[in-house]
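Coordinate inspection notes
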Amino acid sequence: MPTTTATPPAFRFQGWSLFSLIAVLVLLMTALTVMLNPDLTEGVRSAIRATARSSFVLFLLAFTASAFAVLVPSPLSKSLVRERRFIGLAFAFSHLVHAVLIYAYGQLNTEFWPGRTTLGNVPGSVGYVFVLLLALTSFKSTTRLIGAKAWKRLHTTGMWVLAAIFAYSNFKRIPMSDWYVLPLGLICAATAVRLVGKLAQANKRQPLPRTV
Ligand code: HEM
């Protein structure tokens, strides 16, 4: 009798359980970051940075999943594609916590909002509009509602806009610390991986030229 060789899932947690696990980890990290800081205001500010970083890691996974599955097919890359929706929703959750912490920080430090310019708030606000739109359209019912074409256009645009905001947010912090070169380098590398993946996918779809 032939044996089945279905690829085993690379993740023990899948679907909503994967989402829940990541959400709990994000909340735990946030609570620890705030509690371990002797100053509440500074603790909340550190937690804002921490959630930006957890969002960044989740975003990179969702952003490059398809490309890795094409370029280096493996159980892990295939599982990443399968779980991309839940990783994306976990990214939105992490960014929701980022927003709640920003609100809390604004309450604790009354100089925060007056110290920011309207122009300075534009990239972050545009980012949040896209996070919301992508999250709301990541369910079967809403995907069906807007249609496959509009869904593809929205999600492709949204992911590129968010990639640009991550690149800009890290780039503008390089004068504060050289370490911000690292996430900037990561987003540039992820962009290259995604573009090469798309090219490889397009080449695969193209029929081979006929030989006489
Ligand atoms: C209006 C909306 C937003 C506001 C007011 C805001 C505010 C902040 C604040 C106060 C920090 C901490 C700054 C520090 O202590 O140095 C921060 C960090 C950061 N935020 Fe946001 N943010 C917003 C939206 C976003 C969005 C949409 C993204 C990405 C898509 C993002 C990515 C980042 C990154 C990458 C950091 C740096 C984290 C690090 O230090 O490694 N933010 N944000």
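Residues numbered from 1 in each chain as written. Predicted model: local features only at pLDDT ≥ 70, side-chain atom pairs only at ≥ 80, totals over all residues. Heavy atoms only, no water.

Overview of helix H7 (residues 148-171)
If you check H7, its first and last C-alpha atoms are 34 Å apart, about what 24 residues at 1.5 Å a residue would give, namely 34 Å. Taken residue by residue, H7 has Leu154, His155, Gly158, Met159, Leu162, Ala163, Ile165, Phe166, Ala167, Ser169 and Asn170 as its buried positions. Those residues of H7 that are buried lie in contact with helix H2 (40-71), helix H4 (84-108), helix H5 (118-136), helix H6 (140-146) and helix H8 (181-205). (Helix = DSSP H or I, 4+ residues; strand = E, 2+ residues; numbered from the N terminus. Expected span 1.5 Å × (residues − 1). Buried < 20%, exposed > 50% of the residue type's maximum accessible area, 1.4 Å probe, protein only. Contact = heavy atoms within 4.5 Å.)

Comments concerning the nonpolar core
Judged by nonpolar contacts, the single largest core of 42 residues is most densely connected at Phe19, Phe59, Phe91 and Ile187. Considering every element that reaches this core, the biggest residue donor is H4, with 11 residues. (Core = buried A, V, L, I, M, F, W, Y, C linked by side-chain atoms within 4.5 Å.)

Examining the site of the ligand
Close contacts around the ligand come from 22 residues, with Arg45, Arg49, Arg53, His98 and Tyr180 the closest. In this structure, an oxygen atom belonging to the ligand sits 2.5 Å away from a side-chain N or O atom of arginine 45. Histidine 98 is positioned with one of its side-chain polar atoms (N or O) 3.3 Å from a nitrogen atom of the ligand. The cavity where the ligand resides is the largest pocket. (Near = heavy atom within 4 Å. Polar contact = N/O pair within 3.5 Å; in protein donor to acceptor, adjacent residues only side chain to side chain. 1 Å grid on protein atoms, 1.4 Å probe; cavity = no way out; pocket = protein on both sides within 12 Å on 5 of 7 lines; lining within 4 Å. Sits in = over half its atoms within 2 Å of the grid points.)

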